[in-house]
Amino acid sequence: MENCSAASTFLTDSLELELGTEWCKPPYFSCAVDNRGGGKHFSGESYLCSGALKRLILNLDPLPTNFEEDTLEIFGIQWVTETALVNSSRELFNLFRQQLYNLETLLQSSCDFGKVSTLHCKADNIRQQCVLFLHYVKVFIFRYLKVQNAESHVPVHPYEALEAQLPSLLIDELHGLLLYIGHLSELPSVNIGAFVNQNQIKLFPPSWHLLHLHLDIHWLVLEILYMLGEKLKQVVYGHQFMNLASDNLTNISLFEEHCETLLCDLISLSLNRYDKVRSSESLMSDQCPCLCIKELWVLLIHLLDHRSKWFVSESFWNWLNKLLKTLLEKSSDRRRSSMPVIQSRDPLGFSWWIITHVASFYKFDRHGVPDEMRKVESNWNFVEELLKKSISVQGVILEEQLRMYLHCCLTLCDFWEPNIAIVTILWEYYSKNLNSSFSISWLPFKGLANTMKSPLSMLEMVKTCCCDKQDQELYKSSSSFTIFLCILAKVVKKAMKSNGPHPWKQVKGRVYSKFHQKRMEELTEVGLQNFFSLFLLLAAVAEVEDVASHVLDLLNFLKPAFVTSQRALIWKGHMAFLLMYAQKNLDIGVLAEKFSCAFREKAKEFLVSKNEEMVQRQTIWTLLSIYIDGVQEVFETSYCLYPSHEKLLNDGFSMLLRACRESELRTVLSFLQAVLARIRSMHQQLCQELQRDNVDLFVQSSLSAKERHLAAVASALWRHFFSFLKSQRMSQVVPFSQLADAAADFTLLAMDMPSTAPSDFQPQPVISIIQLFGWDDIICPQVVARYLSHVLQNSTLCEALSHSGYVSFQALTVRSWIRCVLQMYIKNLSGPDDLLIDKNLEQAVEKEYMKQLVELTRLLFNLSEVKSIFSKAQVEYLSISEDPKKALVRFFEAVGVTYGNLQTPSDKSAMVTKSLEYLGEVLKYIKPYLGKKVFSAGLQLTYGMMGILVKSWAQIFATSKAQKLLFRIIDCLLLPHAVLQQEKELPAPMLSAIQKSLPLYLQGMCIVCCQSQNPNAYLNQLLGNVIEQYIGRFLPASPYVSDLGQHPVLLALRNTATIPPIPSLKKCIVQVIRKSYLEYKGSSPPPRLASILAFILQLFKETNTDIYEVELLLPGILKCLVLVSEPQVKRLATENLQYMVKACQVGSDEEPSSQLTSVFRQFIQDYGMRYYYQVYSILETVATLDQQVVIHLISTLTQSLKDSEQKWGLGRNIAQREAYSKLLSHLGQMGQDEMQRLENDNT
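Keep in mind it's a predicted model, so treat the numbers as computed, not measured.

Participant: Would you explain the overall build of the protein chain in this entry?
Facilitator: On a plain count of helices and strands, the protein chain comes out with 57 helices and 6 strands. The burial tally for the protein chain puts 54% of its 1243 residues in the buried class. Of the contacts made within the protein chain by residues no fewer than 6 positions apart, 76% connect residues no fewer than 24 positions apart. Accessible surface, the protein chain as shown: approximately 54,900 Å² in total, 51% of it carbon and sulfur.

Participant: I keep staring at a nonpolar patch on the surface and nothing clicks. Help me out?
Facilitator: Taken together, the side chains of Val235, Tyr237 and Ile252 define a hydrophobic patch exposed on the protein surface, amounting to about 260 Å² of accessible area. Of note, Val235 is situated in the loop between α7 (206–232) and β5 (237–242). Judged by its relative accessible area of 38%, Val235 is partly exposed.

Participant: Explain a negative patch on the surface to me, please; I cannot follow it from the model alone.
Facilitator: Together, Glu68, Glu69, Asp70 and Glu82 give the surface a local cluster of negative charge. Residue position: Glu69 is located in the loop between α2 (52–57) and β1 (71–74). Here Glu69 falls in the exposed class, since its relative accessible area comes to 59%.

Participant: It is not clear to me how the packing of helix α39 (residues 905–919) against helix α43 (residues 960–974) should be interpreted in this structure. Could you clarify?
Facilitator: The angle between the axes and the distance between the axes are what describe a pair of packed helices. Following both chains from N to C, one finds α39 and α43 inclined at 30°, their axes separated by 9 Å at the closest point. Here α43 runs roughly parallel to α39, going by the angle between their axes. Both α39 and α43 take part in a crossing whose hand is left-handed. For the pair α39 and α43, the contacting residues are Ser909, Val912, Thr913, Leu916 and Leu919 in the first and Lys961, Ala962 and Leu965 in the second.

Participant: Even after reading the chapter, I still don't get the side chain of Gln1216, so can you show me in this structure?
Facilitator: Residue placement: Gln1216 occurs in helix α56 (residues 1214–1224). Separated by 3.3 Å, the side chains of Gln1216 and Ser1204 make a polar contact. Apart from residues lying up to four places away in sequence, Gln1216 is in contact with Gly1168, Tyr1172, Tyr1176, Leu1201 and Ser1204.

Participant: Before we go on, may I ask you to explain empty space enclosed by the protein in this structure?
Facilitator: Over the atoms rolls a probe the size of a water molecule, and its path tells where empty space is left. Taken as a whole and judged by the stated rule, the model has 9 cavities of 30 Å³ or more. As a volume, the largest cavity reaches approximately 110 Å³. In terms of lining, the largest cavity is formed by Tyr639, Cys640, Leu641, Met682, Gln685, Leu686, Glu689, Lys706 and Leu710. At the level of elements, α29 (662–690) and α30 (697–727) are the ones that each hand at least two residues to the lining of the largest cavity. The greatest single-element share of the lining of the largest cavity, amounting to 4 residues, is contributed by α29.

Participant: Looking at this structure, I do not really get helix α51 (residues 1127–1145). What am I missing?
Facilitator: Count 3.6 residues to each turn of an α-helix, and residues three or four apart come out pointing the same way. When the terminal C-alpha atoms of α51 are compared, their 27 Å separation across 19 residues agrees well with the 27 Å that a helix rising 1.5 Å per residue should span. Of the surrounding secondary structure, the elements contacted by the buried residues of α51 are α49 (1089–1102), α50 (1107–1123), α52 (1154–1167) and α53 (1172–1185).

Participant: Teacher, can you tell me more about unusual backbone geometry here?
Facilitator: Trans peptide bonds make up the majority, and among non-glycine residues the majority have a negative phi. Each neighbour pair has its own omega, and for Gln762 with Pro763 the value is 5°, a cis peptide bond. Tracing the backbone through its elements, the reader meets Pro763 in the loop between α31 (736–752) and α32 (765–773). In this structure, Asn59 takes a positive phi of about 60° despite not being glycine. Structurally, Asn59 can be placed in the loop between α2 and β1. Backbone geometry places Phe438, a non-glycine residue, at a positive phi of 50°. Looking at where Phe438 falls in the secondary structure, it is placed in the loop between α14 (420–432) and α15 (448–451). Assessed through its relative accessible area of 4%, Phe438 is described here as buried.

Participant: It is not clear to me how α50 should be interpreted in this structure. Could you clarify?
Facilitator: Taking 1.5 Å of rise per residue, 17 residues should cover 24 Å, and α50 covers 24 Å from first to last C-alpha, within 8% of that figure. Largest kink in α50: about 35°, centred on Leu1113, with the proline Pro1115 one to four residues after it. The secondary structure elements touched by the buried residues of α50 are α48 (1062–1077), α49, α51, α52 and α53.

Participant: Can you help me understand the nonpolar core in this one?
Facilitator: What tends to happen in soluble globular proteins is that the nonpolar side chains get buried as a cluster. Counting residues in hydrophobic clusters, the biggest one holds 434 residues, and the most contacted among them are Trp297, Phe535 and Phe1160. Per element, the largest residue contribution to this core is 16 residues, and it comes from α7. Apart from the residues within four sequence positions on either side, Phe535 is in contact with Val511, Tyr512, Phe515, Val547, His550, Val551, Leu554 and Phe577.

Participant: Looking at this model, I keep getting lost on the layout of surface pockets. Mind explaining?
Facilitator: By volume, the largest pocket amounts to about 1,300 Å³. In this structure, the largest pocket is lined by 39 residues; those nearest its centre are Glu372, Thr411, Asp414, Phe415 and Lys469. Breaking the lining of the largest pocket down by element, the ones donating at least two residues are α11 (347–361), α13 (399–415) and α18 (480–499).

Participant: Help me understand the environment of Ile355 in this model?
Facilitator: By the secondary structure assignment, Ile355 is in helix α11. The exposure class of Ile355 is buried, given its relative accessible area of 0%. When sequence neighbours within four positions are dropped, the list of residues in contact with Ile355 reads Trp317, Leu320, Asn321, Leu324, Asn379, Phe382, Val383, Leu412 and Trp416.

Participant: Could you clarify how one ought to interpret the packing of aromatic side chains in this entry?
Facilitator: Given two aromatic rings, one states the distance between the centres and the angle between the planes to describe the pair. Under the defined criterion, the tally for this structure stands at 64 aromatic pairs. With a centroid separation of 5.8 Å and an interplanar angle of 85°, the aromatic rings of Trp817 and Phe891 are classed as edge-to-face. Placement of Trp817 in helix α35 (residues 809–822) and of Phe891 in helix α38 (residues 884–901) is noted, with a sequence separation of 74 residues between them. You can call Phe891 buried: its relative accessible area is 0%. Taken together, the aromatic side chains of Trp427, Tyr429, Tyr430, Phe438, Phe481, Phe484, Tyr512, Phe515, Phe531, Phe532 and Phe535 make up a single cluster linked through ring pairs. Looking at Lys1067, its charged tip hangs above the ring of Tyr1108, at a distance of 5.2 Å from the centre.

Participant: Sorry, what's going on with the packing of α56 against helix α57 (residues 1228–1240) here?
Facilitator: At a closest axis distance of 8 Å, the pairing of α56 and α57 adopts a crossing angle of 155°. The orientation of α56 with respect to α57, classified from their angle, is roughly antiparallel. Residue-level contacts link Arg1217, Tyr1220, Ser1221 and Leu1224 of α56 to Gly1228, Gly1231, Gln1232, Glu1234, Met1235 and Leu1238 of α57. Looking at the contact of α56 with α57, its residues break down into 4 nonpolar, 4 polar and 2 charged.

Participant: Can you walk me through the pairing of β1 in this structure?
Facilitator: Look at any regular strand and the pattern is simple: side chains alternate between the two faces of the sheet. Burial along β1 is one-sided: the face carrying Leu72 and Ile74 is buried and the face carrying Thr71 and Glu73 is not. Looking at chain direction, β1 and strand β2 (residues 77–80) are connected through 4 bridges and run antiparallel. If you follow Thr71 over to β2, its bridge partner there is Val80. Between the antiparallel neighbours β1 and β2 lie 2 residues, among them Phe75 with a positive phi of about 55°.

Participant: For this particular structure, what's the right way to read the side chain of Gln823?
Facilitator: With respect to the element layout, Gln823 can be found in the loop between α35 and α36 (847–860). Polar contacts involving the side chain of Gln823 include one to the main-chain carbonyl oxygen of Tyr925, which spans 3.0 Å.

Participant: Looking at this structure, I do not really get the confidence of the model for the protein chain. What am I missing?
Facilitator: Any residue range with low pLDDT should be treated as having predicted coordinates unsuitable for detailed reading. Averaged over all residues, the pLDDT of the protein chain equals 85, while 89% of them reach at least 70. Of the regions scoring below 50 in pLDDT, residues 1–23 engages in 50 contacts with residues more than four places distant in sequence or in other chains. Segment residues 331–338 is flagged for pLDDT under 50; beyond a separation of four residues in sequence, or across chains, it makes 11 contacts in the model.

Parameters and conventions
- Residues numbered from 1 in each chain as written.
- Predicted model: local features only at pLDDT ≥ 70, side-chain atom pairs only at ≥ 80, totals over all residues.
- Heavy atoms only, no water.
- Helix = DSSP H or I, 4+ residues; strand = E, 2+ residues; numbered from the N terminus.
- Buried < 20%, exposed > 50% of the residue type's maximum accessible area, 1.4 Å probe, protein only.
- Contact = heavy atoms within 4.5 Å.
- Areas by Shrake-Rupley, 256 points an atom, 1.4 Å probe, with all protein chains shown as cover.
- Patch = residues over 30% accessible without salt bridge, like charges linked within 9 Å, V, L, I, M, F, W, Y side chains within 5 Å.
- Salt bridge = Lys/Arg side-chain N within 4 Å of Asp/Glu carboxyl O.
- Lys, Arg positive; Asp, Glu negative; His and termini not counted.
- Charge placed at Lys NZ, Arg CZ, Asp CG, Glu CD.
- Axes fitted to C-alpha atoms, helices over the stretch in contact; angles between N-to-C directions.
- Parallel < 35°, antiparallel > 145°, perpendicular 65-115°, else oblique.
- Left-handed = near helix turned anticlockwise from the far one by under 90°.
- Polar contact = N/O pair within 3.5 Å; in protein donor to acceptor, adjacent residues only side chain to side chain.
- 1 Å grid on protein atoms, 1.4 Å probe; cavity = no way out; pocket = protein on both sides within 12 Å on 5 of 7 lines; lining within 4 Å.
- Points joined across faces, edges and corners; volume = space filled by probe spheres on them.
- Expected span 1.5 Å × (residues − 1).
- Bend = angle between axes of the 7 residues up to and from the residue.
- Core = buried A, V, L, I, M, F, W, Y, C linked by side-chain atoms within 4.5 Å.
- Phe/Tyr/Trp six-rings, centres within 6.5 Å; stacked < 30°, edge-to-face > 60°.
- Lys NZ or Arg CZ within 6 Å of the ring centre and 35° of its normal.
- Nonpolar A, V, L, I, M, F, W, Y, C, P; charged D, E, K, R; others polar.
- Pairing = 2+ DSSP bridges.
- pLDDT = per-residue confidence, 0-100.

This is the structure in structure tokens:
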């Protein structure tokens, strides 16, 4: 039977009369729901889904397509369809009972998986036969049973006589059958689950089939009895049985007795379920153990309510109420012996539980389909009595029970029409227990404590109570008082929707009457919390202004001491009403006036208590934070602003800001930002509305008034907040991020509503604010970077400022960006030197600031002026915006290239002016790094960036406008007073930074010297001084040429592809060496002579040697060879000599350089007499390299020899002549000739 197809199409009454053929099959109870049910709540074969109930109520053929053959097979026997029940009714009922017995015997068989299939088939077959028989009885009564005329005296056929007795016989047989099967509650427990075989067919044990057959019997007996009454239209008496009152049994009495018994059985089954359910889960648990039990409840509801409409009989609720009242009575002597004894551990809770669940069954229509629009019969009279018993003060009422009762009551309020009496009964109880916390000891308390944390949470609680659908976890999450508020809200809303304001007036009178001075004085803290919850809910569902006014009056009754201790709670309640006004778009003036005055007083106390004990300060701050958070919510919630909103922003904030510490300031400034954002948003909406077409005068006037109100509020913010921000620009009290954010918000407000700004900022308030927070060099770079990021993000503002022509907006912004990058390692400009960040280079900059710098760099590179510079210079910049330092380097280079590409003098002059505007007071930006506290990362950044600046902008610095800045940079960084003190060692980090960047400075200065518009002796002197200072400072300790490879002065001569005028730099270096490092003081050689000789050697190796350089340096080297006997010096000097002689050979003809010859000739004249041996030795070395040089010196050498001998007056100097002859022997024929002449000379 479970596997048969049962299409269930729901047809209208007229279509059903057409009697479709396939859908009308014998229905039966089944909880083996499958997809054939079309997603419905009951099985497709059920009495509801098959339409059987509707056909019964409409008095239609129960099964129009069944039993149409002349014969039928029941219990394995063929019967004549039209006469079987008349002729063989007792036999058929006996066979029916025999089949029941056979099914009961199957229960004794063990039901394991191996036998379940066989047992299922046997039990299912028995059930099919039994159900088929009872359906046949229904069909027989409808089609074939004739109504006999009792007053007729005409002789009747024996069949007709038997037929006349059939109704009474059926009464007896049905009664006997009911006695045989007994009560549902007496059946053995059944496992509703099923076995599933390999074909996915559900197999049920015999006990399941027996239970469902009993259900079929109970329901079909009711159907048969009902149809008998409908067919015969008269009372049918039974012959065999009498009822309990010793009256003859009738179809009506049996129907009612069976209904009562069946309801008792269903109650008993529900009670078994209830006893196993926790109170907290009662409404989430299913009342019915089986879907078929639920269907039987729905069938009884429809049948009994139908009978009560058309016959003098009781409705379903009356039947159920009568039985539940019996259950609620403590003594059981009133119960009839035939009724099963029903006892419950919690009769009140069970009554609530079953009433609520059964009420939910009313949503199912006659087809078993949920219909939310269906009119539901209520049972308020019984529930009112039940509620009175539930809150009776005679016994102790447990909160866990009360929650469950009220949760059920709330659910019933959803199902039924509103009932003010329920609210009245509950209010009588809660008005007396308002000071109770309504908590459960074993359950975590989630209700009131969380509700009262803030005004917004109080309103959220009220909104939750007013929701149409409540949380299933209401028992655990809310107290019984909160559930009462849910009931109150639901009933009042429903009642006012259908009956207007009258129900509200009833409830208001009941509630208001309970509060007077004595009652208010009796309230505890919990009572006051419940008081606010109650009145906030009343305000939410009815007249908010009336309720709020009454609350303010009632609060005046509180004792002063209690007000002091509970002021925070009172403020929260007050603010909650203020928020509700805002949400309902009402004028908050009445509430705001009083509340803002209280805030001002507390702000004054907070200012006075700035240095007093923390407890008092914290108490006051709690109140102030309630006000601040609440006012923020008011502004964010309000649809439009009224003049009363300005009252909320009084001078209490001015006092509060001066008294706040950092954490407190964060709260107040967050509030400020939220309000500013809201005002700007509302202003933009107003502007859009004013710009619409066809705005009539009335609307335009209204919008203008709103704009005036908005301007008044904005002016209050300028007055009470901006002056404080302005005063804190350089302090460390206000967090950098919030100072920048708030200043940016005021900037945008000034853009949107410039007239609201203070008069001293007019006529350009936006520019005035940016000058204060974005372009002022004394403001901390962290503030500037964040502030300018906000400004640049607003494209409208940037566009307006860029084209205003009032100031160089983009240039000044670039200047501030340069300062932010250069000062990235400075934590506090106004503090001592030790506030420089002192970590390694990678971690030196705070992550947050570096993110801000990256963002600022990205935005800045989108400015048209910056884009133009990079475009003209053809420099790629998009990939470097993530690294501010690289970005700044690329920017400096791009500016330099752009200037170099300009052609006209006017363009160049304008570019110089713009470039200097970019830099501003750049030396002030780097000054903190040059203090007493040495900081490596800062020095590296400073010297590196300035070096790149000097080199990249060399052509700019060559102009007269920019040279002064160059002089200051060199004096400040490379030639400070400490450097000029030779005996004083510079700090190692400073030396390291200079060493890395010095080549950039030297190259840049060299270009400036070469391209300067006016020859400047001072600039050349500066270059010489720098070279002089740092050649010596970076000479290695040991005079090895290999150690000189990274000397910064030598590095400046490398990588010179982009620096054409390098010879002038080398010339200057050589001049400095000649002047400062090869000068003898008397006979004392210069210090570190070996190292300087090594430096000169490396210089000549790395560059092309010019004869001019030889002419300058060779005399000093020769002098070293003559006067210094230190081996290392002699070796290095000799190497230098050799290198110079070889260098002079390159590019010369056979004749030696006249300058070289001149140097040696002067050398001979200076030292030939006194140091002839050293001179000859040196010239021997030269001769090995270039004979011609020495040959050209023969005459000078010979004359020097003669002069020496003449001077001394001792005749020939044999030793000198021998040494000279040795030299001449290296000079070939010319030397031999000279030697011969000397021998022949008798002078």
